[in-house]
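Survey of secondary and tertiary structure
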Amino acid sequence: QVQLVESGGELVQAGGSLRLSCAASGRTFSSYAMGWFRQGPGKEREFVATIRGSGSRTYYADSVKGRFTISRDNAKNTVYLQMNSLKPEDTAVYYCAAGPIPTMASTNYDYWGQGTQVTVSS
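The shown structure was predicted, so the numbers you read here are calculated from the model rather than taken from an experiment. (Residues numbered from 1 in each chain as written. Predicted model: local features only at pLDDT ≥ 70, side-chain atom pairs only at ≥ 80, totals over all residues. Heavy atoms only, no water.)

**Quick look at the pattern of salt bridges**
- Taken as a whole and judged by the stated rule, the model has four salt bridges.
- The closest approach of N and O atoms between D90 and R38, which form a salt bridge, is 2.9 Å. Of this pair, D90 sits in the loop between β8 (78-83) and β9 (92-99) while R38 is found in strand β4 (residues 33-39), placing the two residues 52 residues apart along the sequence. Comparing D90 with R38 shows no difference in burial state: the two are buried.
- Through salt bridges with shared partners, one network takes in R38, E46, R67 and D90. (Salt bridge = Lys/Arg side-chain N within 4 Å of Asp/Glu carboxyl O. Helix = DSSP H or I, 4+ residues; strand = E, 2+ residues; numbered from the N terminus. Buried < 20%, exposed > 50% of the residue type's maximum accessible area, 1.4 Å probe, protein only.)

Here it is, written out as structure tokens:
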């Protein structure tokens, strides 16, 4: 079992920045690809970003490319999502997830955190 706990979500003005963190309990953290997903009010869950276990490759949704950066510190069993130039449409509950490969499909991830709320005001 892998337990994931997100933190860092809060209310922020449009144009501002936040850094989300996801702490994992597993001892094989580096073997997992990690992903960030989000679910806005009245919307379905959507892919945001993913990163290889080694951290050597990242992928982003077009909607966040150039604004968000995913990174990881395997020594700390933590993955991060740096969010810059935030827009109201970024408002959502953000979830981190762990899986075998870095993909955009939520079905490829086996473990999920409880989420952290990000609200961007206009």
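**A look at empty space enclosed by the protein**
- Taken as a whole and judged by the stated rule, the model has one cavity of 30 Å³ or more.
- Computed from the structure, the largest cavity encloses a volume of approximately 40 Å³.
- Lining the largest cavity, in full, are R38, Q39, G40, K43, E44, E46, E89, T91 and A92.
- Here the lining of the largest cavity is composed, by residue class, of one nonpolar, three polar and five charged. (1 Å grid on protein atoms, 1.4 Å probe; cavity = no way out; pocket = protein on both sides within 12 Å on 5 of 7 lines; lining within 4 Å. Points joined across faces, edges and corners; volume = space filled by probe spheres on them. Nonpolar A, V, L, I, M, F, W, Y, C, P; charged D, E, K, R; others polar.)

**Brief notes about the state of the cysteines**
- Applying the stated criterion across every chain, the model contains one disulfide.
- Each disulfide pairs two cysteine sulfurs, and for C22 the partner residue is C96, the sulfurs being separated by 1.9 Å. Looking along the S-S bond of the C22-C96 disulfide, the torsion reads about 50°, which is the right-handed sense. Taken together, the residues span a long stretch of sequence, with C22 in strand β3 (residues 18-24) and C96 in strand β9 at a distance of 74 residues. Assigned by exposure class, C22 and C96 land together as buried. (Disulfide = S-S within 2.5 Å.)

**Some words on the nonpolar core**
- M34, W36, L81 and Y94 are the most contacted members of the largest nonpolar core, which has 33 residues in total.
- Looking at this core, the elements with two or more residues in it are β3, β4, β5 (46-51), β7 (68-73), β8, β9 and β11 (116-121).
- Per-element tally for this core: the top contributor is β9, with five residues. (Core = buried A, V, L, I, M, F, W, Y, C linked by side-chain atoms within 4.5 Å.)

**Considering the packing of aromatic side chains**
- According to the stated counting rule, one finds five aromatic pairs in the structure shown.
- For the pair Y32 and Y111, a centre-to-centre distance of 6.2 Å together with 85° between the ring planes defines the contact as edge-to-face. Separated by 79 residues along the polypeptide, Y32 in the loop between β3 and β4 and Y111 in strand β10 (residues 111-112) bring together distant segments of the chain.
- Between F37 and Y109, the ring centres sit 5.2 Å apart and the planes meet at 80°, which makes this aromatic pair edge-to-face. (Phe/Tyr/Trp six-rings, centres within 6.5 Å; stacked < 30°, edge-to-face > 60°.)

Note that all results are geometric; they support no functional claim without further evidence.
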